[in-house]
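One-letter residues, chain by chain:
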Amino acid sequence: MTKIIPAILAKNEKEFKKQWLHIIDNFKYIQIDIMDGEFVPYKTNINPYKVKDIIKDNDLEIHLMVNGISKYITTWSKFKNVKKIIWHYEANTDIKQIKKFIKFLKNKKIKPVLAINPETKIDVIKEIIKYFDTIQIMGVKPGKMGQKFQNKIFNKIKKIRKEYPRLNIEIDGGVNNKNINKIKNAGANLIAIGSYLQKCKNIKKFLKSIS
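Thresholds, definitions, all that
- Here the residue numbering is sequential within each chain, running from 1 through the sequence in written order.
- Side-chain atom pairs in this predicted model are given and counted only at pLDDT of 80 or more, local residue features only at pLDDT of at least 70, and totals for whole chains, interfaces and linings cover all residues.
- Side-chain calculation: all heavy atoms of the structure are included, whereas hydrogens and water are not.
- Stacked, tilted and edge-to-face are the three classes assigned to paired rings of Phe, Tyr and Trp, where Trp is represented by its six-membered ring and a pair needs centres within 6.5 Å; plane angles under 30 degrees give stacked, over 60 edge-to-face, the rest tilted.
- Over a ring means this: the NZ of a Lys or the CZ of an Arg is within 6 Å of the ring centre and within 35 degrees of the ring normal.
- Accessibility here uses a 1.4 Å probe with only protein chains present; expressed as a share of the type maximum, an area under 20% marks a residue as buried, one over 50% as exposed, and anything in between as partly exposed.
- Here a helix means four or more residues in a row that DSSP labels H or I, a strand means two or more in a row labelled E, and each is numbered from the N terminus.
- For the handedness criterion, the strands are oriented away from the viewer, and a crossover whose path from the first strand over the helix to the second runs clockwise is classed as right-handed.
- The positive count covers Lys and Arg only, the negative count covers Asp and Glu only, and His and the chain ends enter neither.
- Salt bridge criterion: a side-chain nitrogen from Lys or Arg within 4 Å of a carboxyl oxygen from Asp or Glu.
- What qualifies as a polar contact is a pair of N or O atoms within 3.5 Å, subject to a donor-acceptor requirement within protein and to the restriction that residues adjacent in sequence count only when both atoms come from side chains.
- The criterion used for residue contact is that any of the two residues' heavy atoms lie within 4.5 Å.
- Fitted lines through C-alpha atoms serve as axes, helices being fitted only where they are in contact, and the angles separating the N-to-C directions of these axes extend from 0 to 180 degrees.
- Convention used here: angles under 35 degrees read as roughly parallel, angles over 145 as roughly antiparallel, angles from 65 to 115 as roughly perpendicular, and any remaining angle as oblique.
- Note on residue categories: nonpolar means Ala, Val, Leu, Ile, Met, Phe, Trp, Tyr, Cys or Pro, charged means Asp, Glu, Lys or Arg, and polar means any other residue, Gly included.
- Paired strands, as defined in this entry, are two strands with at least two bridges between them according to DSSP.

A. Molecular detail of the packing of aromatic side chains. Counted under the stated rule, the structure contains 6 aromatic pairs. Among the aromatic residues, ring-to-ring pairing joins Y49, W76 and F79 into one connected group. Above the face of the Y29 ring, K3 is positioned so that its terminal group lies 3.8 Å from the ring centre. Positioned above the aromatic ring of F154, the side-chain terminus of K182 is 4.4 Å from the ring centre.

Here you go:
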């Protein structure tokens, strides 16, 4: 069964609330995208303590498109409704540090998720993939909403699904009504959708059409 996760990528708290209001009637579980202007060229000025009252009734996964991963993990792990924290392999490839992140989050009862960019081959994370129950594959270059899904990702999904049949494969970036079924058929079982859902005028109808 495929789970759809609405992703909120907002520049500030005002934009955050607008995006949240657009999707919240249809979802309890949401993804919040955080960018630092360093790992990616764009920055989100979202103070978690300023939006905590908005998201208090939601289960959350936090997608960190940042350098200096540790400080962001420390901050977001303080929120009881955070269920997953996702960070990018490309931001810190040190295996010992990755294992520290994993241990810290598991002690907080938060699932660690490793994301890889479109150009990163799955072989480079083979040594550590066994420590995760979910891997996130970016369908686009991280950091900007509204990009076109890169077709080479379909083969990457198929390869990972074949090699790791029990792994949760989450896709993020470039998903829309035209490619979602192909993404599902390739083997992804978690799909984060940002800009398409924000532009969607009838989310219930869209969800029904892909169920």
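B. Highlighting the pairing of strand β3 (residues 59-65). Of all 7 residues in β3, 6 are buried; the element is thus mostly enclosed. As for the winding sense of the linkage, the β-α-β connection from β3 through helix α3 (residues 69-76) to strand β4 (residues 82-88) is right-handed.

C. Representation of the side chain of K156 in the model. Examined against the element boundaries, K156 turns out to sit in helix α5 (residues 153-163). In this structure, K156 is buried with no salt-bridge partner, the nearest side chain bearing the opposite charge being E90 at 7.0 Å. Here P118 takes part through its backbone oxygen, which lies 2.9 Å from a polar atom of the side chain of K156. Ignoring sequence-local partners within four residues, the contact set of K156 consists of I116, N117, P118, T120 and I137.

D. Spatial organisation of the packing of α3 against helix α4 (residues 95-107). Contact geometry of α3 with α4 gives a least axis separation of 11 Å together with a crossing angle of 5 degrees. Between α3 and α4, the interaxial angle falls into the category roughly parallel. Of α4, the residues touching α3 (which contributes I69, S70, I73 and T74) are F101, F104 and L105. In terms of residue class, the contact of α3 with α4 is built from 5 nonpolar, 2 polar and no charged.

E. Region of interest: the pairing of strand β2 (residues 29-35). Counting buried positions along β2 yields 7 of 7 residues, so the element is predominantly enclosed. Of the two faces of β2, both are covered, the one formed by Y29, Q31, D33 and M35 as well as the one formed by I30, I32 and I34. Strand direction decides the pairing type here: strand β1 (residues 3-8) and β2, joined by 2 bridges, are parallel. Opposite A7, over in β2, you have Q31 as the bridge partner. Following the backbone out of β1, through helix α1 (residues 13-23) and into the adjacent parallel β2, one traces a crossover that is right-handed. As paired elements, β2 and β3 share 7 bridges and run parallel to each other. Directly across from I34, in β3, lies its bridge partner L64.

F. Main features of the pattern of salt bridges. For the coordinates displayed, the defined rule picks out 5 salt bridges. Among the salt bridges present, the one from K126 reaches E163, with a minimum N-O distance of 3.5 Å. You can see K126 sitting in the loop between β5 (111-116) and β6 (134-138) and its partner E163 sitting in helix α5, a full 37 residues away along the chain. On the accessibility criterion, K126 (39% relative accessible area) is partly exposed. Within this structure, D123, K126, K159 and E163 form a network of salt bridges that share partners.

G. Representation of the environment of D25 in the model. Relative to the assigned elements, D25 resides in the loop between α1 and β2. On the accessibility criterion, D25 (68% relative accessible area) is exposed. Along the chain, D25 and K204 lie 179 residues apart, while their C-alpha atoms are 9.2 Å from each other.

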